[in-house]
Amino acid sequence: MPANNDHLAIIWLCLSRPGPGPELTAARALRQALEGHARTLILGPEGSDGVDLRLGRRLDLGPALEACPDELRPAAVICLGAAIPAGLELAPCPCLAWGPATGCDQTLPAPADQAAEAAMAALGRGPRLSWLAHVQVNMPLGDLLGRYEALARSAPVNLEIGLDASALDSCGPAEMARAKAIIAGRRITAHLPFMDLYPAAADPLVAAAAARRLEMAVTTALELGAIQAVGHLGFWPMMHRDVAAFAARHATAMTPIAQALAAGGCRLVLENTMEPDPAPLLACRRALSESSGVEVGFCLDVGHANSFSRTSLPAWWRAMESHLWEMHLHDNDGSDDSHYPPGSGRIDWAFIAEGLRGLSTKPILTLEPHTEAHFWASLRGLERLWGRPEA
């Protein structure tokens, strides 16, 4: 690689064919045109000569994007051949074509100097991902203040902040002030803690511990400015056979939570998790709304419905649509709660799009990627599946 300055942005130049040829010649010309403006890495398939990194026979960018160190993180990826490499949807940056490739964010002009100029302009704009402003993205509070702080600061992301026990116990006034500074001006929702929590437990000591943890989360959610909070029931079908009794205990435990959230201008939604069908959600929502005097809604997690339940997605939809205030969007093949990007599994996204079009009031849509790469792929997946969002 030419001796470019270390502080310059990194651009990946992707070849689709191995060996010397017109693509490698073009990559070297573009590298020369970008010299002094960006650092470049030339990537090609197995058997390529004259490249900085070989990507295997399948030409898959995914492993490179997942594993690349920060100092080699691309600010743009430019495809120089006819074929787009696999894994391009994981890129955290503009994806550009210099040549015949289709499906990239932008096609660069043919002259190398003009292509370099257009590529540098694209770097300044960032990735053109139309769903970014129209969805929430789940991010644990600890990650907001840790490994994903730079991402949260640099991308205009609306966040659903996960409030787990570790974050609630470790975030003092200084950490909360920093979190509020990062999220200022964003639409914020919250995900209440759920791990090992059973607010409807028959054992009063267990229920009391869950209530205390949830009270801490409510205080934090309201301080962060959340307009909606998502809660799990803690329902296990093999243990909670009497749905009516479970719903009554849940209403007793959650009434103070629902009322405190409502007093702070935050709605509560109940999310399907391990429930085999909608009956426990329906019973708990009805009992809690009556007990608290606060209208409570649903969060339909389509990934959970597909992996933890044998009830069809249309049945879940019909049960929840009258109070559908939020949806969690991720994919899987039905065997596990994989949290893949939309379009990567077996969920019927066309059905969901049609259902959303039929709702007079649209729910909040929340992505739940488990890696940054899947965050970018989720945004691109929604556009591929649903087109550009409605204004």
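Look above for the structure.
Just so it is clear, the structure is predicted and the values come from calculations on it, not from any experiment. (Residues numbered from 1 in each chain as written. Predicted model: local features only at pLDDT ≥ 70, side-chain atom pairs only at ≥ 80, totals over all residues. Heavy atoms only, no water.)

Q: Kindly report on the packing of aromatic side chains, identifying the contributing residues and their values.
A: Per the stated rule, a full pass over the model turns up five aromatic pairs. Note on phenylalanine 235 and phenylalanine 246: the rings are 5.1 Å apart at their centroids and 90° apart in plane angle, and the pair reads as edge-to-face. Residue phenylalanine 235 is found in the loop between strand 10 (228-232) and helix 9 (243-263), and its partner phenylalanine 246 is found in helix 9; the two are separated by eleven residues along the sequence. Since its relative accessible area comes to 4%, phenylalanine 235 is described here as buried. (Phe/Tyr/Trp six-rings, centres within 6.5 Å; stacked < 30°, edge-to-face > 60°. Helix = DSSP H or I, 4+ residues; strand = E, 2+ residues; numbered from the N terminus. Buried < 20%, exposed > 50% of the residue type's maximum accessible area, 1.4 Å probe, protein only.)

Q: Which residues make up helix 10 (residues 279-292), and what are the values?
A: Over its 14 residues, helix 10 extends 20 Å from the first C-alpha to the last, a length consistent with the 20 Å expected when each residue adds 1.5 Å. Buried residues along helix 10 sit in contact with helix 9, strand 11 (267-271), strand 12 (297-301) and helix 12 (313-320). (Expected span 1.5 Å × (residues − 1). Contact = heavy atoms within 4.5 Å.)

Q: So, the nonpolar core: which residues are in play, and what are the values?
A: Core analysis: the biggest nonpolar cluster contains 79 residues, and Leu144, Met327, Ile352 and Trp386 have the highest contact counts within it. Once you skip the residues sitting within four places of it in the chain, tryptophan 386 turns out to touch Trp131, Leu329, Trp349, Ile352, Ala353, Leu356 and Leu365. One finds Leu41, Ala64, Cys79 and Ala97 within the second-largest nonpolar core, a separate group that totals 23 residues. (Core = buried A, V, L, I, M, F, W, Y, C linked by side-chain atoms within 4.5 Å.)

Q: Could you give an account of the pairing of strand 12, with specific residues and numbers?
A: Taking burial as the measure, the five residues of strand 12 include five buried ones, the bulk of the element. Residues Gly297, Cys299 and Asp301 point to one face of strand 12 and Phe298 and Leu300 to the other, with burial holding for every one of them. Inspection of the sheet shows strand 11 paired to strand 12 by three bridges, in the parallel sense. Looking at the pairing, leucine 270 lines up with phenylalanine 298 of strand 12. Handedness of the crossover is the feature at issue here: the chain leaves strand 11, passes through helix 10, returns alongside strand 12, and the resulting connection is right-handed. When strand 12 meets strand 13 (residues 324-329), the two strands line up parallel, connected through four bridges. What sits directly across from leucine 300, in strand 13, is methionine 327. (Pairing = 2+ DSSP bridges. Right-handed = clockwise from strand over helix to strand, strands pointing away.)

Q: Mind laying out unusual backbone geometry, listing which residues take part and the relevant values?
A: For leucine 59, which is not glycine, the phi torsion reads 55° and is therefore positive. In this structure, leucine 59 sits in the loop between strand 3 (53-54) and helix 2 (62-67). The backbone phi angle of histidine 339 is positive, close to 55°, even though this residue is not glycine. Using a relative accessible area of 6% as the deciding quantity, one classes histidine 339 as buried.

Q: Report on the sheet that holds strand 1 (residues 10-14), specifying residues and quantitative values.
A: Spatial strand order, 3-2-1-4-5-6: six strands in an open sheet with parallel pairing. Edge positions in the sheet fall to strand 3 and strand 6 (106-107), since each has one partner strand and no second. In the sheet, strand 1 pairs with strand 4 (residues 74-79) via five bridges, with the strands oriented parallel. Each bridged residue has a counterpart across the sheet, and for isoleucine 10 the counterpart in strand 4 is proline 74. On top of the sheet, helix 1 (residues 22-34) reaches strand 1, strand 2 (39-44) and strand 4; it is set at about 170° to strand 2, its chief contact. (Axes fitted to C-alpha atoms, helices over the stretch in contact; angles between N-to-C directions.)

Q: Could you give an account of the state of the cysteines, naming the residues involved and the relevant values?
A: Taken as a whole and assessed by the stated rule, the structure comprises zero disulfides. Note on cysteine 79: no disulfide assigned, nearest cysteine sulfur contributed by cysteine 104 at a separation of 4.1 Å. Of the cysteine sulfurs around cysteine 95, a residue in no disulfide, the closest is that of cysteine 93, at 5.2 Å. On the accessibility criterion, cysteine 95 (3% relative accessible area) is buried. (Disulfide = S-S within 2.5 Å.)

Q: Tell me about the pattern of salt bridges, residues and numbers included.
A: By the definition in use, this model includes twelve salt bridges. Notably, a salt bridge pairs arginine 388 with glutamate 383, separated by 3.5 Å at the nearest N-O pair. Look at arginine 388 and you get exposed, because its relative accessible area is 61%. Among the charged side chains, a salt-bridge network with shared partners connects Glu149, Arg153 and Arg178. (Salt bridge = Lys/Arg side-chain N within 4 Å of Asp/Glu carboxyl O.)

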